[in-house]
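The residues making up each chain are set out below.
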Amino acid sequence: MPRSSTPRLTARNADRHDLYQRSVQLPEQEIRLLDKVFKAHTGRRPLHLREDFCGTALLCAQWAKSHPERTAIGLDTHRPTLEWGRTHNLSAVGVAAARVTLLEQDVLVPTRRKVEVIGAYNYSYQVFHERELLLRYFRAAHRSLTSDGLFVLDAIGGSEATCARVERRRVAGGWTYIWEQERYDAVNANFVCHISFEFPDGTALRRSFTYDWRHYSLPELRDILLDAGFASVDAYWEGTDASGRYGSGRYRRVSQAENECVWNAYLVARKGPPLPGSRDALRG
Ligand SMILES: C[S@@+](CC[C@H](N)C(=O)[O-])C[C@H]1O[C@@H](n2cnc3c(N)ncnc32)[C@H](O)[C@@H]1O
């Protein structure tokens, strides 16, 4: 029997950024939603994206690859992670990489070049523990958008999202992804979370990533976005697949939703006035 040339993944040969990307990132899903909501808002396809807290800039790279006129700006304060992204993700998309600009920059500082869409994913804005700081960030995002621009961010909630818990998930690549909410402080909504990875040979990368976050509810986020100057805020909820048990990866606008144990949603904030017939669904 010929032996596979790919070595078995263990803690010794695994790369934490690669594991992270393949465990939690869904750039195709993000691009599909950005296309859908921007087209509904403006009637045209979005071309210019900014990815906040971009980390390894996987979304920037895939965005640029998805259309020859598309550009992306990625913002992150951690230089080694940006470098990893340049080496592994930008180099993988050929000429499209020339349309991606990665800036080692705090998202609190507006970018001069205006973009049509800003995406902020994996709940990274929760790094801002103070409401004032989150407001400052949302204002900076507002200023960085074109007059018809959209700001899209994801949110997490549900009864189990706000308590200590551990979630384990087998990933197709052959490792187990572990999301650990170490503690949740009910007074300040502070929560400390870690990502670990376990491998079939019994080795593990423990607490490869740690986040010290404040949890924000959807109504809080909506209010802060409106205070920052956005004209309206819509919530998008994930549908279920044919079995009814799993998420379909397809999102639709909702005005209310059941507080399941754990849910993920997107908020879409519009800078310009809403289209006739469109309304602020969260207020609705
Ligand atoms: C959870 S990772 C998100 C990576 C990627 N965007 C995703 O969707 O998975 C959070 C990233 O935010 C960056 N970060 C934290 N505070 C930041 C700030 N104030 N401005 C820019 N980047 C920041 C960190 O360096 C880290 O790479």
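Residues numbered from 1 in each chain as written. Predicted model: local features only at pLDDT ≥ 70, side-chain atom pairs only at ≥ 80, totals over all residues. Heavy atoms only, no water.

Quick look at the side chain of Ser-124
Consideration 1: Position of Ser-124 relative to the elements: it lies in the loop between strand 4 (115-120) and helix 5 (131-143).
Consideration 2: Among the polar contacts listed, one links the side chain of Ser-124 to the backbone oxygen of Tyr-121, at a separation of 2.8 Å.
Consideration 3: Sequence-distant contacts of Ser-124, defined by excluding residues within four places in its chain, comprise Phe-53 and Trp-213. (Helix = DSSP H or I, 4+ residues; strand = E, 2+ residues; numbered from the N terminus. Polar contact = N/O pair within 3.5 Å; in protein donor to acceptor, adjacent residues only side chain to side chain. Contact = heavy atoms within 4.5 Å.)

As for the confidence of the model for the chain
Consideration 1: The predicted model of the chain averages 93 in pLDDT, with 94% of residues at 70 or higher.
Consideration 2: Low pLDDT, under 50, characterises residues 278-284; the predicted model gives this stretch 23 contacts beyond four residues in sequence or across chains. (pLDDT = per-residue confidence, 0-100.)

Some remarks on the side chain of Lys-271
Consideration 1: Mapped onto the secondary structure, Lys-271 falls in the segment after strand 12 (263-270).
Consideration 2: Notably, Lys-271 is buried but unbridged: the nearest opposite-charge side chain belongs to Asp-148, and the N-O separation is 8.7 Å.
Consideration 3: In this view, Lys-271 contacts His-142, Arg-143, Leu-145, Thr-146, Ser-147, Gly-149, Phe-230 and Ala-231; residues no more than four positions away in its chain are not counted. (Buried < 20%, exposed > 50% of the residue type's maximum accessible area, 1.4 Å probe, protein only. Lys, Arg positive; Asp, Glu negative; His and termini not counted. Salt bridge = Lys/Arg side-chain N within 4 Å of Asp/Glu carboxyl O.)

A closer look at the site of the ligand
Consideration 1: As a matter of local geometry, the ligand sits amid 17 residues, with Tyr-20, Phe-53, Asp-76, Val-107 and Asn-122 nearest to it.
Consideration 2: Within the side chain of Tyr-20, one N or O atom sits 2.3 Å away from an oxygen atom of the ligand.
Consideration 3: Contact between the ligand and Phe-53: a nitrogen atom at 2.5 Å from a main-chain N or O atom of the residue.
Consideration 4: Considering the ligand on its own, with 600 Å² of exposed area, one finds that the protein chains cover 85% of that surface.
Consideration 5: Looking at the shell around the ligand, its residues break down into seven nonpolar, seven polar and three charged. (Near = heavy atom within 4 Å. Areas by Shrake-Rupley, 256 points an atom, 1.4 Å probe, with all protein chains shown as cover. Nonpolar A, V, L, I, M, F, W, Y, C, P; charged D, E, K, R; others polar.)

Let's talk about the packing of helix 1 (residues 16-24) against helix 4 (residues 79-90)
Consideration 1: At their nearest, the axes of helix 1 and helix 4 sit 11 Å apart, and the two run at 75° to each other. Classified by the interaxial angle, the pair formed by helix 1 and helix 4 is roughly perpendicular. Residues His-17, Asp-18 and Gln-21 of helix 1 touch helix 4, and the partners they reach there are Thr-81, Trp-84 and Asn-89. (Axes fitted to C-alpha atoms, helices over the stretch in contact; angles between N-to-C directions. Parallel < 35°, antiparallel > 145°, perpendicular 65-115°, else oblique.)

Quick look at the packing of aromatic side chains
Consideration 1: A complete count under the given rule lists 19 aromatic pairs for this structure.
Consideration 2: Judged by centre distance (5.5 Å) and plane angle (50°), the rings of Tyr-137 and Phe-138 are tilted. Neither residue differs from the other here; Tyr-137 and Phe-138 are each classed as buried.
Consideration 3: Here the aromatic rings of Trp-179 and Tyr-211 are separated by 6.3 Å at their centres, their planes lie at 35°, and the arrangement is tilted. With a gap of 32 residues between them, Trp-179 in strand 7 (residues 175-185) and Tyr-211 in strand 9 (residues 204-214) connect regions that are remote in the sequence. Taken individually, Trp-179 and Tyr-211 each receive the classification buried, so the pair is uniform in this respect.
Consideration 4: These aromatic residues form a ring-pair network of at least three members: Phe-53, Tyr-125, Phe-128, Tyr-137, Phe-138, Phe-151 and Phe-230. (Phe/Tyr/Trp six-rings, centres within 6.5 Å; stacked < 30°, edge-to-face > 60°.)

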